[in-house]
Amino acid sequence: MRKKIVAGNWKMNNDAAQAEALIDAIINKKPDTSTKVVIAPPFVSLQAAVAQTRGTNIIVAAQNMHQAENGAYTGEISVNMLKGINVNTVILGHSERRAYFGETNALLAEKVNTALNHNLTVIFCFGEELADRQTGSHFEVVERQLREGLFHISESDWSNIVLAYEPVWAIGTGETASPEQAQEMHEFIRTLLRNNIGSKIAEDTSILYGGSVKPDNASEIFSKPDVDGGLIGGASLKADDFVGIIKGMA
Ligand code: PEP
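Everything in this summary refers to the structure shown in the same document.

Regarding its fold elements, the chain presents eleven helices and eight strands. What you see for the chain is a C-alpha radius of gyration of 17 Å, in line with the 18 Å of a compact globule of 250 residues. On the principal axes, the C-alpha backbone points of the chain span a range of 45 × 45 × 35 Å. In the chain, which comprises 250 residues, the share counted as buried stands at 54%. Averaging the coordinates of the 22 positive side-chain charges in the chain and doing the same for the 30 negative ones gives two points 5 Å apart.

Right, here's the structure in full:
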């Protein structure tokens, strides 16, 4: 059965002390336990975050990882480094990684393979740019991102995949896809899964929406039948907002 998930991507925000304070504030607000809650702090705060969230329902994720097992890749973080500190979830394919760090569908397919080979859960992000939507090619773009980055994986690995549809034009812009636009794309994605991977996997895979989700628009977006939760950027940096969005899932 697919899970309800709200994940916070902190990006390059919060130093160690700020991260600790934010996690404390989230825990104190006791987010709803029927929703799986994920936070993705910067690398340097992951180990402390894992310790701080032990015994809660909060899962700690990394925002990225390298595709190689190890080696001469200055500044990079490997899958085993994450596993070694009990981080078992990773966000891959965020539009900022694609746009600013040149991550292609082919590279993401390699990262996905490495993560799955080590049994990590992957939150796989994808979504069209504004120009794609304006020219009506958004379905085609999304389909290509999924086919080239993800559809090669084995059936058994799908239980470790969470999809996050994030239209780039809605990320950090304050412009949200309407609940109808989100549902239309999520339904398209689920149908793609059904036709290419199988009905059970299509039914069981959580598809999150990301793009300017806030406490006041979350419940309407989350009420759509194919929207299983959200990937939250800006609003995940304030405990009140993040927990307010989690409440929108209930
Ligand atoms: C994101 O970066 O994944 C995101 C959804 O950001 P925001 O919520 O700030 O639009």
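Turning to helix H10 (residues 215–222), its buried residues number three or more, namely Asn-217, Ala-218, Ile-221 and Phe-222. Angular distribution of buried residues about the axis of H10 spans 125°; they occupy a single face of the element. Elements in contact with the buried residues of H10: strand E1 (5–9), helix H8 (179–196), strand E7 (207–210), strand E8 (229–232) and helix H11 (239–247).

Below, the discussion takes up the pattern of salt bridges. Pairing between side chains becomes possible if they bear opposite charge and their charged atoms approach one another. For the coordinates displayed, the defined rule picks out 14 salt bridges. Residue Arg-133 pairs with Glu-128 through a salt bridge whose shortest N-O separation is 2.7 Å. When sorted by exposure, Arg-133 lands in the same class as Glu-128, which is buried. Via salt bridges that share partners, Arg-2, Arg-190, Arg-194, Glu-203, Asp-226 and Asp-228 belong to a single interconnected network.

Turning our attention to the packing of aromatic side chains. Applying the stated criterion across every chain, the model contains five aromatic pairs. Plain terms: the ring middles of Phe-139 and Phe-188 are 4.8 Å apart, the flat faces sit at 55° to each other, and that makes the pair tilted. Taken together, the residues Phe-139 in helix H7 (residues 138–149) and Phe-188 in helix H8 connect sequence positions 49 residues apart. Residue Phe-139 is classed as partly exposed on the basis of its relative accessible area of 24%. Residue classification places Phe-188 among the partly exposed residues on the basis of a relative accessible area of 22%. Site record: aromatic cluster; members linked through ring pairs are Phe-124, Phe-126, Tyr-165 and Tyr-209.

This brings us to H8. The first and last C-alpha atoms of H8 sit 25 Å apart over 18 residues, in line with the 26 Å expected at 1.5 Å per residue. Residues of H8 that are buried include every one of Pro-179, Ala-182, Gln-183, Met-185, His-186, Ile-189, Arg-190, Leu-192 and Leu-193, and no others. Following H8 by one or two positions, Gly-198 has its phi on the positive side, about 145°.

Quick notes on the rules
Residues numbered from 1 in each chain as written. Predicted model: local features only at pLDDT ≥ 70, side-chain atom pairs only at ≥ 80, totals over all residues. Heavy atoms only, no water. Helix = DSSP H or I, 4+ residues; strand = E, 2+ residues; numbered from the N terminus. Rg over C-alpha atoms; globule rule 2.2 N^0.38 Å. Buried < 20%, exposed > 50% of the residue type's maximum accessible area, 1.4 Å probe, protein only. Lys, Arg positive; Asp, Glu negative; His and termini not counted. Charge placed at Lys NZ, Arg CZ, Asp CG, Glu CD. Arc of directions from axis to C-beta. Contact = heavy atoms within 4.5 Å. Salt bridge = Lys/Arg side-chain N within 4 Å of Asp/Glu carboxyl O. Phe/Tyr/Trp six-rings, centres within 6.5 Å; stacked < 30°, edge-to-face > 60°. Expected span 1.5 Å × (residues − 1).

Structural measurements only, silent on function.
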